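Notes for the structure review
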Amino acid sequence: MTGFQTFYDFGSLQRFISSKPSISNVGIVPTMGALHVGHLSLIKRALNENDLVVVTIFVNPKQFNNRKDLENYPRVPENDLSLLRQYQGVVACIPEESDVYPKLDPYPGITLGMLDRVLEGQYRPGHFKGVAHVVHNLLYFIKAKRAYFGLKDIQQLSVIKRMVDETRLPVSIIPCETVRDDSGLALSSRNLLLTESDYTAASIIFKTLDFVRKKIKKEQPEVVKKKATELFNSGSLKLEYLELVNKNTFEPYTTGDVNGVCCIAAYCNNVRLIDNVLL
Ligand code: PAF
């Protein structure tokens, strides 16, 4: 393939793909930019499984329920493109909002049910509606065969799987492991907004999740949740929720559930962080 390319609309990306007979499998890594090692691990996995990997960078206004959060979301496109440039077989796609949401919008809408009522659904009203919509349109217009998403956003993953099932898009959703730093903090674009002392304080998230993972086989879920909340509150972050649920339905966890997950959302100063571990 020739040098690294960036496309600013879906039409030119499609023309590029059609002009390359050697490309039969396209993988997509949808992002909102501010790329980090976690994104790079999705890209490497996608490169192993596809002829071409399209990394989309689009800060989706529809999924922000808070204007300040949208304004503050880190945007470092030059840095993102220089990170992507190092990979053979990767192209960037930075579409305009009018391209992602055209007048004749192909998204039929789906029912999110419980997924939109608890945890992230409860605390970020409208967020998953916006995520389902944007991911649908990116997959629809880019026609990828496989799409890669991090397990850090596990509820988002369930929403996307449901959207793909309901709309019957011909794409496989590939979940990928969360990448953590040495303290256990999950990598996230929002970490760019943390100060050095915030970083140290934020390690309480993974410490608490790890505590739950170790205790849950021996004690009742309510007891573990109470102790874990106390442990979390011994740090300086402000807890929004700490919940044990089933990772597919997001119904409350019951002892012995092999699909259990513990999810945390918390504020580190003004930065909202989420994370989870499978139980
Ligand atoms: O996880 C994200 O970065 C976003 O929610 C996604 C999937 C790119 C949709 O905008």
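This report concerns the structure included in the present document. (Residues numbered from 1 in each chain as written. Predicted model: local features only at pLDDT ≥ 70, side-chain atom pairs only at ≥ 80, totals over all residues. Heavy atoms only, no water.)

Here the focus is the packing of aromatic side chains. In this structure the tally under the stated criterion is six aromatic pairs. Plain terms: the ring middles of Phe-7 and Phe-16 are 5.1 Å apart, the flat faces sit at 45° to each other, and that makes the pair tilted. Here Phe-7 matches Phe-16 in class, with each residue buried. Feature note: the residues Phe-10, Tyr-140 and Phe-141 constitute an aromatic cluster, connected by ring pairs. Positioned over the ring face of Tyr-101 is Lys-62, at 4.6 Å from the centre of the ring. (Phe/Tyr/Trp six-rings, centres within 6.5 Å; stacked < 30°, edge-to-face > 60°. Buried < 20%, exposed > 50% of the residue type's maximum accessible area, 1.4 Å probe, protein only. Lys NZ or Arg CZ within 6 Å of the ring centre and 35° of its normal.)

Attention now goes to the site of the ligand. Looking at the ligand, the residues that line it are Pro-30, Thr-31, Met-32, Gln-63, Val-134, Phe-149 and Gln-156. Here an oxygen atom of the ligand sits 2.6 Å away from a polar atom, N or O, in the side chain of Gln-63. Protein contact buries 88% of the 290 Å² of open area that the ligand shows by itself. Here the residues of the shell around the ligand are counted per class, giving four nonpolar, three polar and no charged. (Near = heavy atom within 4 Å. Polar contact = N/O pair within 3.5 Å; in protein donor to acceptor, adjacent residues only side chain to side chain. Areas by Shrake-Rupley, 256 points an atom, 1.4 Å probe, with all protein chains shown as cover. Nonpolar A, V, L, I, M, F, W, Y, C, P; charged D, E, K, R; others polar.)

Next up on the list: the nonpolar core. Residues Leu-139, Met-163 and Ile-173 are the most contacted members of the largest nonpolar core, which totals 50 residues. Here the element with the most residues in this core is helix 7 (residues 127-142); it accounts for nine residues. Not counting chain neighbours up to four residues away, the residues in contact with Ile-173 comprise Leu-139, Ala-147, Phe-149, Leu-157, Ile-160, Lys-161 and Val-164. Formed by 24 residues, the second largest nonpolar core is a distinct cluster that contains Leu-185, Val-224, Ile-264 and Leu-273. (Core = buried A, V, L, I, M, F, W, Y, C linked by side-chain atoms within 4.5 Å. Helix = DSSP H or I, 4+ residues; strand = E, 2+ residues; numbered from the N terminus. Contact = heavy atoms within 4.5 Å.)

Within the secondary structure layout, Arg-190 lies in the loop between strand 6 (172-176) and helix 9 (196-215). When neighbours within four sequence positions are excluded, Arg-190 is seen to be in contact with Phe-64, Asp-69, Tyr-73, Arg-124, Val-271, Arg-272 and Leu-273.

Trans peptide bonds make up the majority, and among non-glycine residues the majority have a negative phi. The phi torsion at Ala-34 lies on the positive side, around 50°, for a residue other than glycine. Within the secondary structure layout, Ala-34 lies in the loop between strand 2 (26-31) and helix 2 (37-49). Overall, the relative accessible area of 4% leaves Ala-34 in the buried class. In this structure, Arg-168 is a non-glycine residue whose phi angle is positive, near 55°. A relative accessible area of 71% means that Arg-168 is categorised as exposed.

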